[in-house]
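Spelled out from the first residue to the last, the chains are:
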Amino acid sequence: MAAGSLSSKFTPSKIGEWFQQQARYIIPPVLALIFLLGIWQILCSGAKPPLPSPSKVWQETQEYIWHPFFDRDAFDVSAKDKVDSPARKELKEKLTIEKGLGIKTMVSLRRVAIGYTASAIVGISLGIAIGTNVFLYRAFDPIFQVLRTIPPLAWLPIAMSAFQGVNESLKSVGLDVTEAAALFVIFVTSIWPILMNTAVGVQQVPQDYRNVSRVLRLSKIDYFITILMPSAAPYIFTGLRIAVGLSWLAIVAAEMLTGGVGIGFFIWDSYNSQKSSELILALFYIGLVGFFLDKLIYYISKFTVQSDS
């Protein structure tokens, strides 16, 4: 029965219909991408182009594309007592960076995950507090409106100055001043959209829902779980979606200044080394990761809000 129903779902005609439906969404962006690459190829095909053409970028970065998780330290340590094969020696000579772009991206994503999670917890908590209390909202909203307009990198110097005084405490938890400052920049950049959207969402809970909760004599916990959070969830996820994009932008900019391992510092190092092809490849990495982060929050919100409804 199950096998029969399964085979009926995957008949050639239905598979063909599915591909026809998906083609409407796949073909236009593919054509647009080919058009843009063609324009880029034409503009950068002169004798001394300002930037490498797409074909040259592909030619010069293939090793970085096919070996995104190359780790020279692990490679050398694990092979210390072994004889390198000709292929491994050739790979080590081709790759001039210490770690592959995949590892650098994962390091940056780890920082984003820590800072973004902290901002989500604090932002949602404060948003609920000022959204449900008129006095707190009137007291803190003007301050938050001023703080949220400060550019992310403007926080970096003051964060590094502040963390210098607690350097020993940071070392005890495995952090240094630059790492803590980068995490703080992510936190302070992404907290404002979460906080403000949560406060608005809490304030937009329909009055009828509040009346029903009074009639049913719901406890504060039941009101929070069954009415407040489901009603405010669309606003909260809007803030979370905006914040994840801002946090990804902030970490790349912060790493360009703080150094160390990370996709942001790789861009700055490639610029200083005049390796334009590697720089362009890193930009593609950043764009793709930012796109997937946005889609991740979107699908989580879609699933959660639908479940609540």
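Everything below is about the structure printed above this text.
This text gives an overview of the structure that appears in the document. Position numbers for residues count from 1 along each chain, tracking the sequence in the order it is written. Confidence filtering applies because this is a predicted model: local features only for residues at pLDDT of at least 70, side-chain atom pairs given and counted only at 80 or more, and all residues used for totals across whole chains, interfaces and linings. Hydrogen atoms and water are omitted, and side-chain values are computed over all heavy atoms in the structure.

Let us now look at the pattern of salt bridges. We define a salt bridge as a side-chain nitrogen of Lys or Arg found within 4 Å of a carboxyl oxygen belonging to Asp or Glu. By the definition in use, this model includes six salt bridges. Across the pair Glu 179 and Arg 110 runs a salt bridge whose closest N-O atoms are separated by 3.1 Å. Separated by 69 residues along the polypeptide, Glu 179 in helix α11 (residues 177-203) and Arg 110 in helix α7 (residues 101-132) bring together distant segments of the chain. The rule is simple: take the accessible area with a 1.4 Å probe, protein chains only, and divide by the maximum for that residue type; under 20% is buried, over 50% is exposed, in between is partly exposed. Under the relative-accessibility criterion, Glu 179 is labelled buried at 12%. In this structure, the salt-bridge partner of Arg 111 is Glu 179, at a minimum N-O distance of 3.0 Å. Separated by 68 residues along the polypeptide, Arg 111 in helix α7 and Glu 179 in helix α11 bring together distant segments of the chain. In this pair, the class of Arg 111 matches that of Glu 179, namely buried. Note on conventions: DSSP H or I runs of at least 4 residues are helices, E runs of at least 2 residues are strands, and numbering of each starts at the N terminus.

Bringing the packing of aromatic side chains into the picture now. Put simply, two rings from Phe, Tyr or Trp (the six-membered ring, in Trp's case) pair if the centres are within 6.5 Å, and we call them stacked under 30 degrees between planes, edge-to-face over 60, tilted for the rest. Taken as a whole, this structure holds eight aromatic pairs when the rule is applied. Ring centres of Trp 58 and Trp 66 lie 6.0 Å apart, and the angle between their planes is 85°; this geometry places the pair in the edge-to-face category. For the ring pair Phe 163 and Phe 184, a centre distance of 6.2 Å and an interplane angle of 75° mean the geometry is edge-to-face. With Phe 163 in helix α9 (residues 155-164) and Phe 184 in helix α11, this pair connects stretches of sequence that are 21 residues apart. A network of ring pairs unites the aromatic residues Phe 140, Phe 144 and Trp 192 as a single cluster.

Turning our eyes to something else, we now look at the nonpolar core. Note on terminology: a nonpolar core comprises buried Ala, Val, Leu, Ile, Met, Phe, Trp, Tyr and Cys residues joined through side-chain atoms within 4.5 Å. Membership of the largest hydrophobic core comes to 40 residues, with the highest contact counts inside it found for Tyr 116, Leu 240, Trp 248, Ile 251 and Ile 263. Looking at this core, the elements with two or more residues in it are α7, α9, α11, α13 (220-258), α14 (263-272) and α15 (276-308). The element contributing the most residues to this core is α13, with 14 residues. Not counting the four nearest positions on each side in its chain, Ile 263 is found in contact with Leu 101, Lys 104, Thr 105, Ser 108, Trp 248, Val 252, Glu 255, Ala 282, Tyr 285 and Ile 286. By definition in these notes, contact holds between two residues if any of their heavy atoms fall within 4.5 Å.

Within α14 the residues assigned to the buried category are Ile 263, Gly 264, Phe 266, Ile 267 and Ser 270. Looking down the long axis of α14, one finds its buried residues gathered within 160° of arc, a one-sided arrangement. Positive phi appears at Gln 274, one or two residues downstream of α14, with a value of about 60°. It is the directions from the helix axis to the C-beta atoms that the arc portrays.

Taken as a whole, α9 has its buried residues at Trp 155, Leu 156 and Ala 159. Along the long axis of α9, the arc covered by the buried residues comes to 90°, so they all point the same way. For α9, exposure combined with an orientation more than 90 degrees from the buried face picks out Pro 157, Ile 158 and Ser 161. Considering only its buried residues, α9 is in contact with α8 (134-147), α11 and α13.

With that out of the way, let us pick up a nonpolar patch on the surface. In this analysis, a patch consists of residues with relative accessible area above 30% that form no salt bridge, clustered at 9 Å for like charges and at 5 Å for the nonpolar side chains Val, Leu, Ile, Met, Phe, Trp and Tyr. Computed with a 1.4 Å probe, the accessible areas rest on the Shrake-Rupley method; for each residue, only the protein chains presented here act as cover. A grouping of Tyr 25, Ile 26, Ile 27, Val 30, Leu 31 and Ile 34 is seen on the molecular surface, where their side chains present a nonpolar patch of about 620 Å² in accessible area. Inspection of the secondary structure assignment puts Leu 31 in helix α2 (residues 12-43). On the basis of relative accessible area, Leu 31 is assigned to the exposed category, the value being 53%.

Whenever a helix is involved, its axis is fitted only over the stretch in contact; in every case the axis is a line through C-alpha atoms, and angles between N-to-C directions fall within 0 to 180 degrees. Direction vectors running N to C along α11 and α13 enclose 155°, while the axes themselves pass 7 Å from each other. Between α11 and α13, the crossing angle belongs to the class labelled roughly antiparallel. For α11 against α13, the interelement crossing comes out right-handed. Throughout this description, any angle smaller than 35 degrees is read as roughly parallel, any larger than 145 degrees as roughly antiparallel, any in the 65 to 115 degree range as roughly perpendicular, and the remainder as oblique. When the near helix sits turned anticlockwise from the far one by under a right angle, the crossing is termed left-handed; a clockwise turn instead gives a right-handed crossing.

Moving on, we get to the side chain of Glu 278. Considering the arrangement of structural elements, one finds Glu 278 in helix α15. Buried charged residue Glu 278 carries no salt bridge. Nearest counter-charge: Lys 275, at 4.4 Å. N or O atoms closer than or at 3.5 Å make up a polar contact, with two conditions inside protein: a donor-capable atom paired with an acceptor-capable one, and, for residues adjacent in sequence, both atoms drawn from side chains. One polar contact links Glu 278 to Tyr 64, side chain to side chain, over a distance of 3.1 Å. Here Asp and Glu are counted as negative and Lys and Arg as positive; His is not counted, and neither are the chain ends.

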